Amino acid sequence: MQWADFLANEAATNSLSPEQTAAFVERLKTENSGKSEAKLASELNIGAAAFKKRMTKVYDKFAQSYPELANSESRGKLEKLRACLTAKYNGGQDFGVSAQSNAAQPTIKEIHQNIPPAVPFEKFVGREAELEKLHQQLQTSRQVAIVAVAGMGGVGKTELATQYAKQHLQNYQGGVCWLSAQGIDVGIQILRFAELKFKLIAPDDWELADRLRYCWQNWQKGDVLLVFDDVTDYKKQVQRYLPSESPRFKVLLTTRLGFDRTLPQLRLDVLKPLAAMKLLKSLVDRERLKSEPWVARKICKFLGYLPLALELVGRYLDTMPDLSLEKMLKRLEKKRLEHEAIAKANPLMRYEYGVAEAFALSWEQLDENAQDIGSSLSLYALADIPLYFETIEDDEQQEVWEKAIADLLELHLLQRQTRGIYQLHPLLRQFFQTKLDKSSNADEVKTVFVAQMVEIARQISERPTRDWIKKVAFFIPHLAEVADNLTAYISDEDLIFIFRGLGWFYQGQGLHEKAEPWLQECVKVIENRLSSKHYYFSVSLNNLANLYKDQGRYNEAESTYKQALELWKYLSVSSDIDFPIILDNLAGLYYFKGKYSDAELLYFQALEIFTSVLGNENLYVANTLNNLAVLYDIQQHYGKAETLYGQVLEMRKRLQGENHPDFAQSLNNLAAFYESQGHYIEAETLYRRALKLRKSLQGKNHPDFAQILNNLGHLHNSQERYSYAESLLKKALEIRKRLHGENHPDVAQSLNSLATVYMYTRRYDEAKPLLQKALELRKLLLPKNHPDIATSLNNLAGLYSSTGLYSKAEPLYLQALEILELTLGVGHSRTMTIRENYEIFIKKAYG
């Protein structure tokens, strides 16, 4: 036995950890006897203090066998331990131990083994837990199979088995027999090992099974480890050669296949990110990695944390000392699996394949259907892949898919996450993409895949429910993949749907920043392919303008709406509803900007087209009538508003049912109307119904849910239920800030509403900064004469009046009155309320 192997056995016998083993072996190597601890620590890529700490633990553990180590100085401990181990290695006796101890000291005997060479302990990283689990399973089970959870070759199955056999050699006094399942007949390999190591020779005229039985019966005493490497057929390569039932024989398999549950398995995954970096550090100069740490992490991620790929790239970098990591990453991204760093095996490594070659071994075992389906999966993004076979109508085709997926899983070319959800390793996805691109029907496969994604995108509404969001969420990365890389396979008539669907998915959840790039890209793509005179260009502009309106970017929204409408000069509008939709949306914007006359005119134009094309009973008519009701409400046309609110509520109930966001909107609007009329009980009932419905359909983290919370808080404030009001308004403010950020009209509304509660409860110091911030936001985000600015001016003036700052209050009241008289008129209730506040202030300030 070589000295290094002996040290490894001693480390295992004395239960050293992998880190302690690395330090112990390096310190005790003959060629390192003259090196300092600092030098050895540097070679292990650790600090001197960490090396010293590990060696202290080593001495403590060996002191249980050699008590004199406990009383030695640090340098003396090293020499004493070296002397003890040398004596044991040479079969002699420890000169420093008592006579009684000497008598009990065993003479070491050779453990027969044919374990392949392994990487040094310190370079085998990230597998400590797997090694421990493997050892535990081997002690409690007769057989253990190592199976790669990611399934591809190169995950480190053979290296794990090699390291285990090396580190635990001392546990197997009967020897370790390593067998290659892909070499000559396994039975012949066993006979050769028995003859070479134990001089066991069965008569040549016996059958193979009898000769093997003879070997097993006469095998050297002690536990035995049999390793079957790279098993592809358990029955033919393993089962027929196993010894009869005996607890001393332990069988360890490495395989690309997945066995059934009757065989205990250790599923081996790719490395964790930190372990991957540690492996790279063991191969590449440490200072080099420290200079580009983030790029090193990106390289690890690009390689999918696959040990084979990491070692190949690490060794390649080591031969190219002047190549930057940034340049290496760019080359990998460009050439992918064809880059020389990972395409072929490295002669310094024991593994004989490059990454693609390792994958090809499994690929070649698939039938044509499985290969076709596997390569088509590469079109999905690098994310969870939803595959629901029950949606395939043709039974035969469904069976083809089920068998293909089962074959891919069995060979671990695909990973099952949960029911109907699968994943591809990043490098396997590249491998499959290469296979697809080389196939004769690549364009047809891509066209079919894109059509499937388009159909999903078409079903995403502008206001998706929470259930629908959950249902479609798995497909979003794949829609993005189509939008980014496969637009050439989208037909002209379907071009808008992928981008619109992505935008609406995020916009419907209030995630405007994520929605904006997709809706902007939609406009660009349509203009580039179909021209700015195309019908879709106008529709895409309208969608983008809606987003700007939701974000409070009113000026951008107005110009975009007008640009969309301008195109209709060149198009027929007699039988299309998109033109009145844009009219309705622009009218809504005018409402937000306080341009009520302009809004009413556009609403009537839109309503006229909707009814002439679709009739009186449809959702478009319902939405426009709802918007008109809101407009009449703020203009104090209460009779018209109430009639329309009720009409819309009943129409939506008939057309969509009560379990729909639009019905919740009608409940909220009618509640707000009742509140304005002082019917608080009726208002609260409707608000709570709307809130419950919004919560079930869209969840708590949604702009519409926050709006009803704000409205209900406002109602409680009017009822002098201040603690309830404050709680609800704070929740609404929190949601709005999370969804919109700090600069949004809805945030200003929440700040103003919460400040009003503080005003009523005389908490002026808390109210003041909120009112000032609300006014600042509204001046920033809204037109200069917007009624909401007047509201903020009035509220801040009221605070100054209440705290005796009369000189600050008066100009604010006058500014508020000027705005409302201009926009709403002298006789509007909001104008009259502020005038009354001003008159009260005059009496208070001037007597």
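Going by the structure above, here's the rest.
Attention here is on the structure that accompanies the text.

## Notes on the overall build of the chain
Alright, step 1. Looking only at helices and strands, the chain has 41 helices and eight strands in total.
Alright, step 2. Taking all 847 residues of the chain together, the buried fraction comes to 53%.
Alright, step 3. Once local pairs closer than 6 in sequence are excluded, the contacts in the chain between residues at least 24 apart make up 67%.
Alright, step 4. For the chain, the accessible area works out to roughly 39,500 Å², and carbon and sulfur atoms hold 49% of it.
Alright, step 5. Separation between the mean location of the 104 positive side-chain charges and that of the 106 negative ones in the chain comes to 6 Å.

## Notes on helix H28 (residues 554-566)
Alright, step 1. Here H28 spans 18 Å end to end across 13 residues, near enough to the 18 Å set by a 1.5 Å rise per residue.
Alright, step 2. Among all positions of H28, only Tyr554, Ala557, Glu558, Thr560, Tyr561, Ala564 and Leu565 are buried.
Alright, step 3. Here the buried face of H28 lies against helix H27 (535-550), helix H29 (578-592), helix H37 (745-760) and helix H38 (764-781).

## Quick word on a positive patch on the surface
Alright, step 1. A contiguous patch of positive charge on the surface is contributed by Lys327, Lys330, Arg331, Lys334 and Lys335.
Alright, step 2. Of note, Lys327 is situated in helix H16 (residues 325-335).
Alright, step 3. Judged by its relative accessible area of 43%, Lys327 is partly exposed.

## Focus on the pairing of strand E3 (residues 224-231)
Alright, step 1. Judged by how many residues are buried, E3 sits mostly within the fold: seven of eight residues are covered.
Alright, step 2. Here E3 runs beside strand E4 (residues 249-255); their pairing, made up of six bridges, is parallel. Each residue of the ladder has a partner; that of Val231, found in E4, is Thr255.

## Overview of the nonpolar core
Alright, step 1. Residues Val355, Ile405 and Ile498 are the most contacted members of the largest nonpolar core, which totals 228 residues.
Alright, step 2. At nine residues, helix H25 (residues 495-507) tops the list of elements feeding residues into this core.

## Comments concerning unusual backbone geometry
Alright, step 1. Even without a glycine there, the phi angle at Asn45 is positive, about 60°.
Alright, step 2. Mapped onto the elements, Asn45 comes out in the loop between helix H3 (37-43) and helix H4 (48-62).
Alright, step 3. The partly exposed category is assigned to Asn45, whose relative accessible area is 26%.
Alright, step 4. Here the phi dihedral of Asp230 falls at roughly 60°; this positive angle occurs in a residue that is not glycine.
Alright, step 5. Counting through the fold element by element, Asp230 comes out in strand E3.
Alright, step 6. Since its relative accessible area comes to 25%, Asp230 is described here as partly exposed.

## A word on the packing of aromatic side chains
Alright, step 1. Summed over the entire model, instances satisfying the criterion amount to 30 aromatic pairs.
Alright, step 2. Considering the side-chain rings of Tyr535 and Tyr536, the 5.4 Å spacing of their centres and the 35° angle between planes classify their relative orientation as tilted.
Alright, step 3. Aromatic rings pair up to connect Phe193, Phe198, Trp216, Trp219 and Phe249 into one cluster.
Alright, step 4. Above the ring of Trp294, the side-chain terminus of Arg297 is found at 4.9 Å from the ring centroid.

## Looking at the pattern of salt bridges
Alright, step 1. Tallied over the entire structure, the rule returns 30 salt bridges.
Alright, step 2. Across the pair Arg529 and Asp492 runs a salt bridge, and its minimum N-O distance is 2.9 Å. In this pair, Arg529 sits in helix H26 (residues 512-530) while Asp492 sits in the loop between helix H24 (476-485) and H25, placing the two residues 37 residues apart along the sequence.
Alright, step 3. Among the ionic contacts, a cluster of salt bridges with common partners joins Glu726, Lys730, Arg763 and Glu766.

## As for the environment of Lys281
Alright, step 1. Relative to the helices and strands, Lys281 is located in helix H12 (residues 273-283).
Alright, step 2. Of the residues examined, Lys281 reaches a relative accessible area of 35% and is grouped as partly exposed.
Alright, step 3. For the pair Lys281 and Glu245, spaced 36 residues apart in sequence, the C-alpha separation works out to 45 Å.
Alright, step 4. Setting aside residues up to four positions removed in sequence, Lys281 forms contacts with Asn45 and Leu289.

## Quick notes on the sheet that holds strand E7 (residues 415-418)
Alright, step 1. Reading across from one edge, E6-E8-E7 is the order of the three strands in this open sheet, with antiparallel pairing throughout. Strands at the two margins of the open sheet, each flanked by one partner only, are strand E6 (385-386) and E7.
Alright, step 2. The pairing of E6 with strand E8 (residues 421-423) spans two bridges and is antiparallel. Note on E8: the bridge partner recorded for Ile385 is Tyr422.

## What to know about the packing of helix H36 (residues 722-740) against H37
Alright, step 1. At a minimum axis distance of 9 Å, the contact between H36 and H37 shows a crossing angle of 160°. Here H36 lies roughly antiparallel to H37, going by the angle between them. Crossing handedness for the pair H36 and H37: left-handed. Mapping the contact onto sequence places Tyr722, Ala725, Glu726, Leu729, Lys730, Ala732, Leu733, Arg736, Lys737 and His740 in H36 and Asp746, Val747, Gln749, Ser750, Leu751, Ser753, Leu754, Val757, Tyr758 and Tyr760 in H37.

Calculation rules
- Residues numbered from 1 in each chain as written.
- Predicted model: local features only at pLDDT ≥ 70, side-chain atom pairs only at ≥ 80, totals over all residues.
- Heavy atoms only, no water.
- Helix = DSSP H or I, 4+ residues; strand = E, 2+ residues; numbered from the N terminus.
- Buried < 20%, exposed > 50% of the residue type's maximum accessible area, 1.4 Å probe, protein only.
- Contact = heavy atoms within 4.5 Å.
- Areas by Shrake-Rupley, 256 points an atom, 1.4 Å probe, with all protein chains shown as cover.
- Lys, Arg positive; Asp, Glu negative; His and termini not counted.
- Charge placed at Lys NZ, Arg CZ, Asp CG, Glu CD.
- Expected span 1.5 Å × (residues − 1).
- Patch = residues over 30% accessible without salt bridge, like charges linked within 9 Å, V, L, I, M, F, W, Y side chains within 5 Å.
- Salt bridge = Lys/Arg side-chain N within 4 Å of Asp/Glu carboxyl O.
- Pairing = 2+ DSSP bridges.
- Core = buried A, V, L, I, M, F, W, Y, C linked by side-chain atoms within 4.5 Å.
- Phe/Tyr/Trp six-rings, centres within 6.5 Å; stacked < 30°, edge-to-face > 60°.
- Lys NZ or Arg CZ within 6 Å of the ring centre and 35° of its normal.
- Axes fitted to C-alpha atoms, helices over the stretch in contact; angles between N-to-C directions.
- Parallel < 35°, antiparallel > 145°, perpendicular 65-115°, else oblique.
- Left-handed = near helix turned anticlockwise from the far one by under 90°.

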